[in-house]
Protein chains: 2
Amino acid sequence: MQQGHDYAPVMAPTKPVCEPGEFVIAAAFADHGHLFGMVSNLLAAGATLGYVYEPDEAKANKLLALDPAAKRVDSFDAILQAPDVHLVAAAAIPNLRAGIGIRVLQADKDYFTDKCPFTSLEQLEAVRQVVLATGRKYAVCFSERVQNEAAEHARFLIEQGTIGRVLQVIGLGPHRLSVNHRPDWFFNKVAYGGILCDLASHQVEQFLTYTGNQDAVITMARVANLANPAHPELEDFGEYSLVGDNAASAYCRVDWFTPGGLRTWGDGRTLITGTHGMIECRKYVDLARSSFVDNTVLLVNDTGEHRQSVTGKVGFPFFAALILDCLNHTELAMTQEHAFKAAELSLMAQVIADRARV
Amino acid sequence: MQQGHDYAPVMAPTKPVCEPGEFVIAAAFADHGHLFGMVSNLLAAGATLGYVYEPDEAKANKLLALDPAAKRVDSFDAILQAPDVHLVAAAAIPNLRAGIGIRVLQADKDYFTDKCPFTSLEQLEAVRQVVLATGRKYAVCFSERVQNEAAEHARFLIEQGTIGRVLQVIGLGPHRLSVNHRPDWFFNKVAYGGILCDLASHQVEQFLTYTGNQDAVITMARVANLANPAHPELEDFGEYSLVGDNAASAYCRVDWFTPGGLRTWGDGRTLITGTHGMIECRKYVDLARSSFVDNTVLLVNDTGEHRQSVTGKVGFPFFAALILDCLNHTELAMTQEHAFKAAELSLMAQVIADRARV
């Protein structure tokens, strides 16, 4: 067993890729707290927060505190009409995200939404048309990869060929329910779209990234409410499997059953099997270690068993790349089709699971 | 985080449950090395090895060395005709196991076979009829539970209610291929029955055990040869999912892709999600720890995160229970129907996967 010095992360933590004022963003609709991370990471990569639209006073102030340049505006239209805004970041209630995004694109700005980007295939199709018509980006923050250093390090290891060809990706996404601290929309199926549409879109995106697939077929999809009868529209458990065009497969489980005694919100894992090795990401906690460790990557290949703690070593390179993509009209951070396909497959899994349940 | 002193294993290591000569067994057909463990554990629990039938000299001698009382015989009939033999343990080529077992039962002896117990549903049906007619036991060694202390400890924790109601079981069974050290039948689909029939029968059995289900519906099954074109009948990858009668589900992946650098034959895992906690069994290795540790059980529930190393603390209580079941005509070790159902579901998964592949 080696400790894996050969595999030390080489990606540098995020540095600004543009000058102050060169890439102005606006932040709107902080219905999900994910927006704070999305904006913070864009700012760390060089963006300037110009405007904030959010009716809730506390949330608005929290956003304004991120950048002294930020001004609060009292209508979303004010952001759409601001000529200096290049990109609008938002984390609205999921079923409203597409409609907001269409307005952003039609105002000739790029959009950066929290996942899930859509709650129906119809929304996806409508947005596809608007992207084609406007040439603007409908970017998605799949945070369980692009804001997780273990997940990004796994991508790097795969790209370096350390486990050969990827054959399978298992993604486990347990979450803490915190039932008394959730907004009403959290328990409304139409609003959040279903557990596969919402949570599992992360795992679909990781599958496409790690296996290099452009498309896949869903082979199983299931949702259930197993232990929360007081919230009948909550899906507290979901799972799917799929097989990609290159024969690599995926299995995903998402749930709201994180136990009370876990030291963080969820024991998110990714287990990747290759022809010549395997990788396990213990993304948010390495269970029962005396000190709390996140971003643990375990690599086993022909050279031995390697443990790497990558917190602070990888950074979140997605955000700098997204800014450059917007400025340069490139697709290096993530292609539009990749984001759409991740959403499409998770929506299709949700549709299949919903039909089976009725 | 607590180290879990409340959850110390209480099952004692195996002790003899009968006097020498009280429960005489025979060992035959050591085509798979599993037979040595099966016999050794029966002997540790009190059995006496009376007879050995195995044409291969080295294998026969290895069996004879387990008990000075053992005599080698030169025909299987000699075992069937020996009046003092109570049970015949065997690990024949898989597609021959049912036929051998039928002869054993019809000779009015109990049978204890390595898994997989059958390679076709027709064999299972034939054996069901013989069990009914003879009243004898067709017992199966699902070694990844009954010879694994972590797996047995997980069962104990579940029975104690430490994670509430079990909602899901994920079983991962990667194995080292060792392609140059396998007999011909290993690469012959008719002989070994397929990867789901063979390897995955362990995970089906564990699912039934941990969830308490009597039956389940298979929702996905897939086999493939992903990276071994020189052995076209080898299935190097298999996966299935199923849903039990009580809505608990299972996902299983089995494969022959253990990397060369792993310190043991496979990183077998079981991840169990309950309404009030989760259990992870790292059965054969806890990756990249500086000392080699097997039988690690991680328990997370409302009381915290607990790590338990249970090697030497749990034993293999199945074997003593099996002897008592044979002597007393009980079914405390494992019911006949449970063993049959585990086999039936893995065979059905294999059939579904085979059909999808053609």
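Above this text sits the structure in question.
Residues numbered from 1 in each chain as written. Chains lettered and ligands numbered in written order. Predicted model: local features only at pLDDT ≥ 70, side-chain atom pairs only at ≥ 80, totals over all residues. Heavy atoms only, no water.

A. Focus on the environment of Arg-357 of chain A. All names here are of chain A. Residue position: Arg-357 is located in helix α12 (residues 336–357). Counting along the chain gives 133 residues from Arg-357 to Ala-224, while the straight-line C-alpha distance between them is 7.8 Å. The contact partners of Arg-357, leaving out residues within four places of it in the chain, are Val-223, Ala-224, Asn-225 and Glu-235. (Helix = DSSP H or I, 4+ residues; strand = E, 2+ residues; numbered from the N terminus. Contact = heavy atoms within 4.5 Å.)

B. Focus on the pairing of strand β13 (residues 296–301) of chain B. All names here are of chain B. Taking burial as the measure, the 6 residues of β13 include 6 buried ones, the bulk of the element. On β13, burial covers both faces: Thr-296, Leu-298 and Val-300 on one face and Val-297, Leu-299 and Asn-301 on the other are all buried. When strand β12 (residues 277–282) meets β13, the two strands line up antiparallel, connected through 6 bridges. Looking across to β13, one finds that Cys-281 is bridged to Val-297. Of the pairings in the sheet, the one linking β13 to strand β14 (residues 304–309) comprises 6 bridges and is antiparallel in character. (Buried < 20%, exposed > 50% of the residue type's maximum accessible area, 1.4 Å probe, protein only. Pairing = 2+ DSSP bridges.)

C. Up close: the nonpolar core. Counting residues in hydrophobic clusters, the biggest one holds 112 residues, and the most contacted among them are Phe-76, Phe-112, Tyr-138, Leu-196, Tyr-240 and Ile-279 of chain B. A per-element tally of this core places helix α12 (residues 336–357) of chain B first, with 8 residues. Both domain 1 (4–144 + 317–333) and domain 2 (145–315 + 347–357) of chain B contribute no fewer than three residues apiece to this core. Apart from residues lying up to four places away in sequence, Ile-279 of chain B is in contact with Ala-154, Leu-157, Ile-158, Ile-163, Thr-270, Leu-271, Ile-272, Val-297, Leu-298 and Leu-299 of chain B. Counting 111 residues, the second largest nonpolar core, distinct from the first, contains Leu-35, Ala-151, Leu-208 and Leu-234 of chain A. (Core = buried A, V, L, I, M, F, W, Y, C linked by side-chain atoms within 4.5 Å. Domains from an automatic or database assignment.)

D. Up close: the sheet that holds strand β5 (residues 110–114) of chain A. All names here are of chain A. Read from one edge of the open sheet, 6 strands run β3-β2-β1-β4-β5-β6, paired in parallel fashion. Edge strands, defined here as strands with exactly one partner in the open sheet, are β3 (71–72) and β6 (138–141). Looking at chain direction, strand β2 (residues 48–53) and β3 are connected through 2 bridges and run parallel. Bridge assignment links Val-52 to a residue of β3, and that residue is Arg-72.

E. Region of the structure containing the relation of the copies chain A and chain B. Turning chain A through 180 degrees and shifting it by 0.0 Å along the axis lays it on chain B, with an RMSD of 0.0 Å. Here the transformation between the copies is reduced to the relation of a two-fold axis. Distance from the rotation axis, computed per C-alpha, reaches its smallest value in chain A at Met-220 of chain A: 2.9 Å. When the interface residues of chain A are mapped onto chain B, 100% of them again fall at the interface, so both copies present the same face. (Least-squares fit on C-alpha atoms with pLDDT ≥ 70 in both.)

F. Seen up close, the packing of aromatic side chains. Enumeration according to the criterion identifies 27 aromatic pairs over all chains in this entry. Considering the side-chain rings of Phe-112 of chain A and Phe-319 of chain A, the 6.1 Å spacing of their centres and the 80 degrees angle between planes classify their relative orientation as edge-to-face. Here Phe-112 of chain A, found in strand β5, pairs with Phe-319 of chain A, found in helix α11 (residues 317–328); they are 207 residues apart in sequence, far enough to count as distant. For the pair formed by Phe-112 of chain A and Phe-319 of chain A, the shared burial category is buried. Between the aromatic rings of Tyr-251 of chain A and Tyr-251 of chain B, the centroid separation amounts to 4.0 Å while the plane-to-plane angle is 10 degrees, which identifies the pairing as stacked. Linking Tyr-251 of chain A in strand β10 (residues 249–255) with Tyr-251 of chain B in strand β10 (residues 249–255), this pair reaches from one chain into another. Each member of the pair, Tyr-251 of chain A as well as Tyr-251 of chain B, carries the same accessibility label: buried. Its end group placed over the ring of Phe-36 of chain A, Lys-62 of chain A keeps NZ or CZ at 4.1 Å from the ring centre. (Phe/Tyr/Trp six-rings, centres within 6.5 Å; stacked < 30°, edge-to-face > 60°. Lys NZ or Arg CZ within 6 Å of the ring centre and 35° of its normal.)

G. Main features of the interface of chain A and chain B. Each partner contributes to the interface: chain A provides 51 residues, whereas chain B provides 52 residues. Between chain A and chain B, a total of about 3900 Å² is buried, with carbon and sulfur atoms accounting for 59% of that surface. The largest per-residue losses of area from chain A upon contact with chain B belong to Leu-287, Ala-288 and Glu-305 of chain A, which jointly make up 14% of the total buried on that side. Counting across the chain A and chain B interface gives 4 salt bridges. Those elements giving two or more residues to the side of chain A that touches chain B turn out to be β7 (166–174), β8 (216–224), β9 (237–244), β10, β11 (269–274), β12 (277–282), β13 (296–301) and β14 (304–309) of chain A. Tallied by class, residues from the side of chain A that touches chain B come to 21 nonpolar, 15 polar and 15 charged. (Buried area = accessible area lost by both parts, 1.4 Å probe. Salt bridge = Lys/Arg side-chain N within 4 Å of Asp/Glu carboxyl O. Nonpolar A, V, L, I, M, F, W, Y, C, P; charged D, E, K, R; others polar.)

H. Structural view of the pairing of β11 of chain A. All names here are of chain A. Of all the 6 residues making up β11, 6 are buried; the element is thus mostly covered by neighbouring parts of the structure. Here β7 runs beside β11; their pairing, made up of 6 bridges, is antiparallel. Its bridge partner being in β11, Gln-168 is matched across the sheet by Thr-273. Of the pairings in the sheet, the one linking β11 to β12 comprises 6 bridges and is antiparallel in character. Pairing of Thr-273 across the sheet is with Met-278, part of β12. Two successive antiparallel strands, β11 and β12, enclose a turn made up of 2 residues.

I. A look at the sheet that holds β10 of chain B. All names here are of chain B. If you trace the 8 strands from one edge of the open sheet to the other, you get β8-β9-β10-β7-β11-β12-β13-β14, paired in mixed fashion. Lying at the two open borders of the sheet, with one neighbouring strand each, are β8 (216–224) and β14. Across the sheet, the mean angle from the axis of one strand to that of its neighbour is 10 degrees, orientation sign disregarded. The pairing of β8 with strand β9 (residues 237–244) spans 8 bridges and is antiparallel. From the neighbouring strand, Met-220 faces β9, where its bridge partner is Ser-241. In the packing of helix α7 (residues 149–159) onto the sheet, the strands contacted are β7 (166–174), β11 (269–274), β12, β13 and β14, and the crossing angle to β12 comes to about 165 degrees. Of the strands in this sheet, β7, β8, β9, β10 and β11 touch helix α10 (residues 201–211), which is tilted by about 155 degrees from β7. (Axes fitted to C-alpha atoms, helices over the stretch in contact; angles between N-to-C directions.)

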